[in-house]
Amino acid sequence: MKEAVKLPPHLAWIEHLKKSPCNPVIRPQGAGPAADAIFNPAAIVHDGRVGLLCRAINFTRQPRDSRNWSVSTLVWAWSDDGFHFELDEKPAFDPGPDSPYQGGFEDPRLVKIGDEYVLTFTGVHNFDRTPGLIAFSRDLKHWEWGGEVLPGRAIAITRERIGGYYYGYWGNSCIFLARSRDLRSWETLKEPALRPRPGRFDALLCESAAPPLLTDDGILLFYNGDRGRKQAQNYARGIIPCYVHDILWTCYSTGWALFDRHDPSRLLARCEEPVLTPERLYEIFGISFYTVFAQGYVEFKGRRFLYYGCADMRIGVATAEM
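What you are looking at is a predicted structure, and each value in this text was computed from that prediction instead of being measured.

A. Quick peek at the nonpolar core. Judged by nonpolar contacts, the single largest core of 41 residues is most densely connected at Trp13, Ile14, Leu220, Phe222, Trp256 and Phe259. At the level of secondary structure, the elements contributing two or more residues to this core comprise strand S11 (166–170), strand S16 (218–226), strand S17 (252–259), strand S18 (267–270), strand S19 (292–300), strand S20 (303–310) and strand S21 (314–321). Beyond its immediate stretch of four places on either side in the chain, Phe259 contacts Tyr169, Ala193, Leu194, Gly218, Ile219, Leu221, Pro264, Ser265, Arg266, Leu267 and Leu268. Counting 20 residues, the second-largest nonpolar core is a separate cluster that includes Val25, Ala43, Val75 and Phe85.

B. Inspection of the sheet that holds S11 at higher detail. Overall, antiparallel pairing links the 4 strands, which are arranged S10-S11-S12-S13 in an open sheet. Whereas interior strands pair on both sides, the edge strands pair on one side only; in this sheet they are strand S10 (156–157) and strand S13 (187–188). Both S10 and S11 contribute to a ladder of 2 bridges, which runs antiparallel. By the bridge assignment, Ala156 is partnered in S11 with Tyr169.

C. Just the pairing of S17, in detail. Taking burial as the measure, the 8 residues of S17 include 8 buried ones, the bulk of the element. The side-chain alternation of S17 yields two buried faces, one formed by Tyr252, Thr254, Trp256 and Leu258 and the other by Ser253, Gly255, Ala257 and Phe259. Bridge count between S16 and S17: 8 bridges; the pairing is antiparallel. Counted as the bridge partner of Asp226 is Tyr252 from S17. Strand direction decides the pairing type here: S17 and S18, joined by 3 bridges, are antiparallel. Bridge assignment links Ala257 to a residue of S18, and that residue is Arg270.

So, how was this worked out
- Residues numbered from 1 in each chain as written.
- Predicted model: local features only at pLDDT ≥ 70, side-chain atom pairs only at ≥ 80, totals over all residues.
- Heavy atoms only, no water.
- Core = buried A, V, L, I, M, F, W, Y, C linked by side-chain atoms within 4.5 Å.
- Buried < 20%, exposed > 50% of the residue type's maximum accessible area, 1.4 Å probe, protein only.
- Helix = DSSP H or I, 4+ residues; strand = E, 2+ residues; numbered from the N terminus.
- Contact = heavy atoms within 4.5 Å.
- Pairing = 2+ DSSP bridges.

Right, here's the structure in full:
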């Protein structure tokens with residue numbers, strides 16, 4: 001059965017997401033962990049504030065393994081309004097000298113389940129080995145380390161059990177499914193839940209964005225897609241005709257998919273076009289050209305906030321009224 005391309009009425013707010021005029025809401029700053037780049041944040045509301053757990057890079061810190069081009073840490077940024085943030089001075093997650101993850105930690109996703117915060121993120125052994133990690137906390141300060149739970153990255157888990165299981169959408173080629181009864185031990189399902197589509201914004205790969213939203217209409221998953229080299233260059237010519245990088249390999253945008261509320265593997269609907277694309281200069285130029293990469297979603301003070309990385313260097317947000 002071919003999936004639908006139209007959103008149910010209760011989810012039509014997705015089509016009204018608008019990039020904030022405050023963007024980028026966080027930029028590289030200071031001489032600390034985010035001196036050169038800060039991007040791809042997890043998002044949570046805690047104690048009446050929005051917290052973003054962000055991937056940060058300071059290039060003065062050289063990787064010990066030559067296969068890694070940088071060392072990423074995870075650092076908190078906090079806001080009273082969702083737009084203006086104050087960055088912590090020290091990372092919350094930082095690989096020590098004896099850590100197996102000498103490339104650091106990347107691309108966190110965060111949910112609250114009951115009284116527990118559940119963090120999924122990527123540990124970088126080297127460029128070719130990036131397993132999915134998990135950690136647990138009651139206060140966002142003290143963490144129980146859950147270790148490696150899946151062989152791949154980008155784990156976005158449901159906030160509730162479905163048929164006795166929590167489900168995780170993961171992977172960065174196709175999006176696969178895994179399930180767990182206790183969040184500690186996971187089993188993978190063989191068939192992809194979402195595949196790339198030739199000729200579309202997700203032609204090369206699909207990767208889950210923010211943790212999925214469980215609604216009456218289904219499981220809403222924001223995901224990031226890459227067009228691939230040829231389409232990326234064609235897209236770039238349409239945005240800035242006089243300036244196209246010959247070395248441009250990727251172009252990331254954010255779309256959505258809707259799965260059955262009772263069967264997380266059953267795709268009901270999927271966007272034809274992305275809801276967020278790289279079109280502003282702060283999304284086009286950076287470490288990764290032409291990149292919009294969503295990861296954090298919260299509802300706060302009557303608004304929906306979708307936070308995203310901009311060119312692997314800054315953080316932007318798109319909002320819609322509740």
